[in-house]
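Given next are the chains, with one letter for each unit.
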Amino acid sequence: MNNPGIIPVGLSGQQLIPDSLQCLQGFDPGLGLIAPINPLMAGISLVPPPPPPLDMPVVKEIIHRQSCTLFPQNPNLPPPSTRERPPGCKTVFVGGLPENATEEIIREVFDPCGEIIAIRKSKKNFCHIRFSEEFMVDKTLYLSGYRMRIGSSTDKKDSGRIHVDFAQARDDLYEWECQQRLMAREERHRRKIHEERLRPPSPPPIVHFSEHEAATLAERLREDHKFSEATAVLFTWIDRGEVNRRTANHFYSMIQSANSHVRRLMSEKAQHEEDMERAKEIFKNALLAILYQFEQIKAVFTAATRQKAWDHFSKAQRKNIDIWRKQCEELRNAHSEEIMGIRREEEMEMSEEDDEEEEEDTPCKRLRTEDIGACDQTHASLKEENDSLRWQLEAYRNEVELLKREQRGGRGGGRHDEDPPVTPSCEVPIQLLQQNMHHMQQQLLSLQEQLRRKEAELEEAREEHRSLEGGIVHLRDQLLANGDVVDRTNGDLHQPAMNGCAPSSFLSRERRSEVVMRGAVATEKEALLLGVMSTFLHVHPFGANLEYLWSYIQRLDTKVSAVDLERLMVRLPNMFRQELSGVGATLEKRWKFCGFDSLGSV
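Quick summary incoming for the structure in this document.

Relative to the helices and strands, Ala214 is located in helix α4 (residues 211-221). What makes Ala214 buried here is its relative accessible area of 4%. Considered as a pair, Ala214 and His250 are 36 residues apart in the sequence and their alpha carbons are 7.1 Å apart.

So this is what it looks like as structure tokens:
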């Protein structure tokens, strides 16, 4: 055979057999070629052809139908124009139809583009075609510009150039709006489900107040694992306004139970602080171990760089060893700096603790401070007990008033001519309440008397403390005066033996001790505190109490205590003076700055 067969070609028309086969003798490449594929052929949508290049124009072919023939327009002419596509367009406008074109011929022409729902034909050679889907409209635009000829007739009424364009129909717009609303509802539903999934769960409802619920809540407040939930319920009840004269005792006991958890929280805090210190120690030990291993690696590099081992390595090996040694030294220095920083922090903490211990230098001062602290604690406990008894007495009074009101209401509801007799069941609780109230009043009076005695004892102890400190200062001044005389005598005796030079170390040591004993500033921290306190009291010409001054200093340094401030001001009587202001219950001790007064007197 001269013809070896049909040359296979792709959908776009390119050959799938190389040109080397065309050199065979008697091979005709024009035989058996497949014509270009018509996009309107049945089944073309099953396997879509590859997209043609953008610069290649679409080649249209003659389309044959059973009743008519469609001829493409001149490819040199511009493509037919179309209007802007309406949303949800499923209807097309077809104009330029032949006068003799019927609905059957139009359906035959456009039926390969998709399922046709309706055809509305006009008498003026145009029609509207509605399809079932939107993508079918794009296929009909391919036929725009074709010349349609019915049969083989050359009559003018049997031919016409059709124009296909988008049409705006109310049915299409209504269906599109319905679809958009459906999609919007689905989107809102998905967003709502997503928000509900991310929304935190709502808190459980709070039960209403009753005596039974109050007793249950009091039990829950005593338990550690239910304390948080119980406090939330208690807060809600108080916020709702459930506290009144009848329920005040219940709420007071619940608040007291809540306050009892303070010690537990402080112990937990101390435990966490111990765990943190333990973790710091473990971290420090781990850093030391790492640093020790770095030292071992450095020793290995040092041994490798010695002459007896260094000569046996090649040049590349020496370079790598040198790079490794430098990296190891950099990392070791970084870890060493970190460990030194930790040690500096520990030394600073230890120095602060030593300063605090040095301030309490005499045992008598410690005993007096402990006594004053014990008196303060006793005073606070007595005051708290006094407040609790006062509240209980107020509660009993409220109950008595409520019973009296109920009794009066029962009398008023009866007849006017006859007063109902008071039953023994009402008299018994009234008498008991009166007895309890009388007993509580006696306890309150005794506690107030004890409180006054303790306050007097505390004031006497503080006065004694101030007088002792004044005596100590007077004795120090006398000792310093005697020491100056002895020191001057010793200096005259020993001056020739020292070649005309006094022992400077001895004199400087004596002067330092003299400065400290006279109450001057010994450390930089005390100097800073002195400056802040002087400025604060100077802007308060009427003075300020110790608690107010301490609360202001606490904002600057939380480690300073009120005892430290009082000691520093007592040591400097020429700069700070304590005065009493007020009368009776409003009696208050205030500190004033008098440094400028001493300068004026000098």
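Right, let's talk about helix α1 (residues 103-110) for a bit. If you check which residues of α1 are buried, you get Ile105, Ile106, Val109 and Phe110. For α1, the buried positions fall inside an angular range of 120 degrees around the axis, keeping them on one side.

Grouped together as the largest cluster of nonpolar side chains are 28 residues, with contacts concentrated most on Val94, Val109, Phe110, Ile129, Phe131, Leu143 and Met148. Of the residues forming this core, the biggest block, four residues, is contributed by α1. Apart from residues lying up to four places away in sequence, Phe110 is in contact with Val94, Ile116, Ile129, Phe131, Thr140, Leu143, Ile162 and Val164. Phe536, Leu546, Leu572 and Phe593 belong to the second-largest nonpolar core, a separate cluster that totals 17 residues.

What follows deals with the sheet that holds strand β8 (residues 163-166). Pairing between the strands of a sheet comes from backbone hydrogen bonds, and it takes one of two forms, parallel or antiparallel. Taken in spatial order, the four strands make up an open sheet running β4-β5-β3-β8, and their pairing is antiparallel. Since the sheet does not close on itself, it has two edges, and those belong to β4 (116-121) and β8, each with one partner. Neighbouring strand axes in the sheet, compared pairwise and without regard to direction, differ in orientation by 20 degrees on average. Here strand β3 (residues 91-95) pairs with strand β5 (residues 126-131) via five bridges, running antiparallel. Bridge assignment links Val94 to a residue of β5, and that residue is Cys127. Lying over the sheet, α1 contacts β3, β4, β5 and β8, oriented at roughly 135 degrees with respect to β4.

In this section: the pairing of β5. As judged from the five bridges shared by β4 and β5, these two strands associate in the antiparallel manner. The residue bridging Ile119 from the neighbouring strand is Ile129, located in β5. Linking two consecutive strands that pair antiparallel, namely β4 and β5, is a turn of four residues; a positive phi of about 60 degrees is found at Asn125 within it.

Looking now at the pattern of salt bridges. Tallied over the full model, the rule gives 24 salt bridges. As a salt-bridge pair, Glu229 and Arg220 come within 3.5 Å of each other at their nearest N and O atoms. Here the salt bridges do not stand alone but share partners, grouping Lys90, Arg130, Asp172 and Glu175 into one network.

Okay, the packing of helix α14 (residues 546-556) against helix α15 (residues 562-571) next. Where α14 contacts α15, the two axes come as close as 9 Å, and the packing angle between them is 115 degrees. What the angle tells us is that α14 and α15 run roughly perpendicular. In terms of crossing hand, the pair formed by α14 and α15 is right-handed. Here Leu546, Leu549, Trp550 and Ile553 of α14 lie close against α15, whose contacting residues are Ala562, Leu565, Glu566 and Met569. When its residues are assigned to classes, the contact of α14 with α15 shows seven nonpolar, no polar and one charged.

With that settled, consider a negative patch on the surface. Together, Glu273, Glu274, Glu277, Glu281, Glu345 and Glu349 make up a negatively charged patch on the protein surface. Residue assignment for the negative patch shows that the elements contributing at least two residues are α7 (261-304) and α9 (315-359). The element best represented in the negative patch is α7, accounting for four residues. Relative to the assigned elements, Glu277 resides in helix α7.

Turning our attention to the sheet that holds strand β6 (residues 147-150). Ordered in space as β1-β2-β6-β7, the four strands form an open sheet in which the pairing is antiparallel. Two strands lie at the open edges of the sheet, namely β1 (63-64) and β7 (159-161), each paired on one side alone. Relative to β6, strand β2 (residues 68-71) runs antiparallel, the two being bridged by four bridges. Along β6, the bridge assignment pairs Phe71 with Arg147.

Among the structural elements, Glu104 can be located in helix α1. It is 9.9 Å that separates the C-alpha atoms of Glu104 and Ile119, two residues lying 15 residues apart in sequence.

Attention now goes to the packing of α4 against helix α5 (residues 227-240). α5 packs onto α4 with a crossing angle of 140 degrees between their chain directions and a minimal axis gap of 8 Å. With respect to α5, the axis of α4 lies oblique. For the element pair α4 and α5, the recorded crossing hand is left-handed. Facing Glu213, Ala214, Leu217, Arg220 and Leu221 of α4, the residues of α5 in contact are Phe227, Glu229, Ala230, Thr231, Val233, Leu234 and Trp237.

Parameters and conventions
- Residues numbered from 1 in each chain as written.
- Predicted model: local features only at pLDDT ≥ 70, side-chain atom pairs only at ≥ 80, totals over all residues.
- Heavy atoms only, no water.
- Helix = DSSP H or I, 4+ residues; strand = E, 2+ residues; numbered from the N terminus.
- Buried < 20%, exposed > 50% of the residue type's maximum accessible area, 1.4 Å probe, protein only.
- Arc of directions from axis to C-beta.
- Core = buried A, V, L, I, M, F, W, Y, C linked by side-chain atoms within 4.5 Å.
- Contact = heavy atoms within 4.5 Å.
- Pairing = 2+ DSSP bridges.
- Axes fitted to C-alpha atoms, helices over the stretch in contact; angles between N-to-C directions.
- Salt bridge = Lys/Arg side-chain N within 4 Å of Asp/Glu carboxyl O.
- Parallel < 35°, antiparallel > 145°, perpendicular 65-115°, else oblique.
- Left-handed = near helix turned anticlockwise from the far one by under 90°.
- Nonpolar A, V, L, I, M, F, W, Y, C, P; charged D, E, K, R; others polar.
- Patch = residues over 30% accessible without salt bridge, like charges linked within 9 Å, V, L, I, M, F, W, Y side chains within 5 Å.
- Areas by Shrake-Rupley, 256 points an atom, 1.4 Å probe, with all protein chains shown as cover.
- Lys, Arg positive; Asp, Glu negative; His and termini not counted.
- Charge placed at Lys NZ, Arg CZ, Asp CG, Glu CD.

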